[in-house]
Amino acid sequence: QVQLKESGGGLVQAGGSLTLSCAASGRTFTDYYAGWFRQAPGKEREFVAAIGWSGAVTDYGDTAKGRFTISRDNAKNAVLLQMNGLKPEDTAVYHCAAAPDHRAIRSENFQYGGWGQGTQVTVSA
């Protein structure tokens, strides 16, 4: 069983930065594709970014391109999301998830994660 724990959220002003972390336990995280998703109250879950097993392949949602960077910190068995140039519309609960491959991540067929507490990101105007 793989357990995922999100952290790193907080309150920042527009234009600020945050780094989110998704730490995995139970299995080497590089065995899985990983992704970040977010959901604001009253809105649908939105894809943010995904990363392949080695980290060489990345995929970003339109809202993240040019501002966010997904990466792996293998020493910590974690996937990071560096968020720069934050905007108020980035305000949401951010969740991470793991899946066997890219298709599964993008279709939200998660093996692990994708729900639960997440980490709250709030961006003030």
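Residues numbered from 1 in each chain as written. Predicted model: local features only at pLDDT ≥ 70, side-chain atom pairs only at ≥ 80, totals over all residues. Heavy atoms only, no water.

### Considering the overall build of the protein chain
Helix and strand counts for the protein chain come out as 1 helix and 11 strands. Going residue by residue from the N terminus, the α and β elements of the protein chain occur as β-β-β-β-β-β-β-β-β-α-β-β. A compact globule built from 125 residues would reach a C-alpha radius of gyration of about 14 Å, and the protein chain, at 13 Å, matches this within 12%. Within the protein chain, the fraction of its 125 residues that count as buried is 45%. Once local pairs closer than 6 in sequence are excluded, the contacts in the protein chain between residues at least 24 apart make up 58%. Put simply, the protein chain shows about 6200 Å² of open surface, and 47% of that area lies on carbon and sulfur atoms. Taken together, the 12 basic and 11 acidic charged side chains of the protein chain have centroids lying 2 Å from each other. (Helix = DSSP H or I, 4+ residues; strand = E, 2+ residues; numbered from the N terminus. Rg over C-alpha atoms; globule rule 2.2 N^0.38 Å. Buried < 20%, exposed > 50% of the residue type's maximum accessible area, 1.4 Å probe, protein only. Contact = heavy atoms within 4.5 Å. Areas by Shrake-Rupley, 256 points an atom, 1.4 Å probe, with all protein chains shown as cover. Lys, Arg positive; Asp, Glu negative; His and termini not counted. Charge placed at Lys NZ, Arg CZ, Asp CG, Glu CD.)

### What about the pattern of salt bridges?
In total, this model carries 7 salt bridges according to the counting rule given. Between Arg38 and Glu46 there is a salt bridge, with the nearest N and O atoms lying 2.9 Å from each other. The class for Glu46 is partly exposed, based on a relative accessible area of 29%. For Arg45, the salt bridge identified is with Glu108, shortest N-O distance 3.4 Å. Of this pair, Arg45 sits in the loop between strand S4 (33–39) and strand S5 (46–51) while Glu108 is found in the loop between helix H1 (102–106) and strand S10 (112–113), placing the two residues 63 residues apart along the sequence. Counted as one network, the salt bridges with shared partners bring together Arg38, Glu46, Arg67 and Asp90. (Salt bridge = Lys/Arg side-chain N within 4 Å of Asp/Glu carboxyl O.)

### With respect to the nonpolar core
Leu4, Phe29, Trp36, Leu81 and Tyr94 are the most contacted members of the largest nonpolar core, which totals 29 residues. Every element with two or more residues in this core is listed here: strand S3 (18–25), S4, S5, strand S7 (68–73), strand S8 (78–83), strand S9 (92–99) and strand S11 (119–124). Counting residues in each nonpolar core, the second largest holds 9 residues, with Tyr33, Phe37, Phe47 and Phe110 among its members. (Core = buried A, V, L, I, M, F, W, Y, C linked by side-chain atoms within 4.5 Å.)

### A word on the packing of aromatic side chains
Counted according to the given criterion, the structure contains 4 aromatic pairs. Where Tyr33 meets Trp53, the ring centres are 4.8 Å apart and the plane angle is 90°; that geometry is what we call edge-to-face. One end of the pair, Tyr33, is in strand S4; the other, Trp53, is in the loop between S5 and strand S6 (58–60), and 20 residues separate them in sequence. Taking relative accessible area as the criterion, Tyr33 reaches 5% and is therefore assigned buried. When the centroid spacing of 5.7 Å and the interplanar angle of 65° are considered together, the rings of Phe37 and Phe47 count as edge-to-face. (Phe/Tyr/Trp six-rings, centres within 6.5 Å; stacked < 30°, edge-to-face > 60°.)

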